[in-house]
Amino acid sequence: MRWKFMMNGKNILLAVTGGIAVYKAVALTSKLTQAGANVKVMLSEHAANFVPPLSFQVLSRNDVYTDTFDEKDSRVVAHIDLADWADLVIVAPATANTIGRMANGIADDLITTTLLATESPVWVAPAMNVHMISHPAVVRNIEQLYADGIRFIEPEEGYLACGYVGRGRLEEPEKIVARIEEFFGGDQHDLAGKKVLVTAGATRERIDPVRYFTNHSTGKMGYAIAEAAALRGAEVTLIATTNALPVPRGVTHVLVDSAESMYQAVQTHQADTDIFIFTAAVADYTPLEVHAHKIKKQPGDFTVSMKRTKDILKTIGTEKRPGQVVVGFAAETQDLETNAKKKLSEKNADFIVANNVAESGAGFGTDTNIVTIYEDNGAVHELPILAKAEVAQKIIALIIKRSENE
């Protein structure tokens, strides 16, 4: 792995909350320490009922923190010191209760108090019953945390301690460690000096001041890619149709609405961009006429005449200069491979990232995706269901590999 040893000297704060999956947090502590990270553990009262603090202390070779008022060093305030110390905070396992408290800004123990105080990236690895994780309240809380900038390590499907089989198992420690290695791999800054342009979200094609045509894209994939590129040192411009998601640190955000305004914004950066990644779901058609006032209801049917929008991907692909890399996305519902390869050729792209949006876990608005990446050299990369942050890292890694081999 190209990121081996990237955790050396990194400070990882592990927040362990109460659930049977605590035993995996013990293994996670061990593996992170073996990988060279400095690990400090915060243990909730309920988590300590499953595994005693001594286990984490021995494996991390650091004090374990269990009580807001147990100040181990009188020179500092523990929860502030921990919050400032961490390069990355991981909540694993994260119970439904902890997720709910985090989403509502409740600080009633050491873990939640520290989470409110930290400015470091926070990752949450849920573990709970299959029905709990799909409960509307839990889904709502997860969406709120995502909007707040928290990132999630998606749980696995499998046999649960309660006897059910389904989604809710804490991700395996080895896979969590691999995610962290990839995250800190960004410290290599192997995109330093490169300018990356990412488009994201669904365009809105207006009919009148009230109505418009659009689609279900939320922009999550594009924001994840912008974040992954920025972590690798790139100068990133994110041209998006939404400001509902947190803009990744260090990314320049340009807000647009229609296909035309996105085209104009992309053209502004066309000459000096090194890598174009077009994740936005751009409308193929826009109303021929935009009415100045609201169209009033009339008897009978109503027809809207449409015209083609400018093909941003094809324009950039056709006009790209030597050294520029162009990545397109293809959201399909059938004939994935045929349509993706056709788009790759017709748009003169270097990569097409294709997914079947009708497939569970791969559609618009989800935190996961299932993609196949097609390269113009004939290479094909099929990825399993992954968090969009992981998909983003894989895409960026392939772009970097292509650049290194040219």
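Residues numbered from 1 in each chain as written. Predicted model: local features only at pLDDT ≥ 70, side-chain atom pairs only at ≥ 80, totals over all residues. Heavy atoms only, no water.

Feature annotation in UniProt assigns "binding site: CTP" (unreviewed entry) to the following positions: D284, K294, F329, K343 and K347. Considering the C-alpha atoms alone, the annotated residues occupy 64 residues of sequence and remain spread out, their largest mutual distance being 37.2 Å. In this fold, F329 is placed in strand β17 (residues 325-332). Judged by its relative accessible area of 14%, F329 falls in the buried class. The topology assignment puts K343 in helix α13 (residues 336-346). Residues within four places of K343 in sequence aside, it is in contact with L313, F329, A330 and I352. Of the polar contacts made by the side chain of K343, one reaches the backbone oxygen of F329; its length is 2.6 Å. (UniProt positions renumbered as here; feature names shortened; annotations may be inferred. Helix = DSSP H or I, 4+ residues; strand = E, 2+ residues; numbered from the N terminus. Buried < 20%, exposed > 50% of the residue type's maximum accessible area, 1.4 Å probe, protein only. Contact = heavy atoms within 4.5 Å. Polar contact = N/O pair within 3.5 Å; in protein donor to acceptor, adjacent residues only side chain to side chain.)

This paragraph deals with unusual backbone geometry. For the peptide bond that leads from A92 to P93, omega is -5 degrees, which places it in the cis range. The backbone of D335 sits at a positive phi, close to 50 degrees, despite the residue not being glycine. Note that D335 resides in the loop between β17 and α13. Given the relative accessible area of 52%, D335 is considered exposed. With a phi angle near 55 degrees, N348 is a residue other than glycine that sits in the positive phi range. Following the sequence through the fold, N348 ends up in the loop between α13 and β18 (351-356).

Turning to the sheet that holds strand β14 (residues 275-278), a few remarks are in order. The eight strands are arranged β13-β12-β9-β14-β17-β18-β20-β21 in an open sheet whose pairing can be described as mixed. With one partner strand each, in any of the chains shown, β13 (252-255) and β21 (380-382) form the two edges of the open sheet. When strand polarity is set aside, the average angle formed by the axes of neighbouring strands in this sheet is 15 degrees. In the sheet, strand β12 (residues 235-240) pairs with β13 via four bridges, with the strands oriented parallel. Looking across to β13, one finds that L238 is bridged to H253. Contacts from α13 reach β17, β18 and β20 (372-375) within the one sheet, and its direction differs from that of β18 by about 155 degrees. (Pairing = 2+ DSSP bridges. Axes fitted to C-alpha atoms, helices over the stretch in contact; angles between N-to-C directions.)

Turning next to the domain arrangement of the protein. Accessible area lost when the parts come together is the quantity often used to give the size of an interface. Domain boundaries in the protein define domain 1 (11-186) and domain 2 (195-404). Between the C-alpha centres of domain 1 and domain 2 there is a distance of 33 Å. On the side of domain 2, 15 residues touch domain 1, which itself brings 14 residues to the contact. Around 1300 Å² of area is buried between domain 1 and domain 2 when both sides are counted, 51% of it from carbon and sulfur atoms. Three residues stand out in domain 1 for area buried against domain 2, namely Y146, R179 and E182, and they jointly supply 40% of the buried area on that side. (Domains from an automatic or database assignment. Buried area = accessible area lost by both parts, 1.4 Å probe.)

Turning to the packing of helix α4 (residues 78-85) against helix α6 (residues 110-117), a few remarks are in order. Where α4 contacts α6, the two axes come as close as 8 Å, and the packing angle between them is 50 degrees. By the criterion of interaxial angle, the relationship of α4 to α6 is oblique. Here the hand of the crossing between α4 and α6 comes out right-handed. Facing α4, whose interface residues are H79, I80, L82 and A83, α6 presents L110, T113, T114 and A117. Within the contact of α4 with α6, the residues separate by chemical class into five nonpolar, three polar and no charged. (Parallel < 35°, antiparallel > 145°, perpendicular 65-115°, else oblique. Left-handed = near helix turned anticlockwise from the far one by under 90°. Nonpolar A, V, L, I, M, F, W, Y, C, P; charged D, E, K, R; others polar.)

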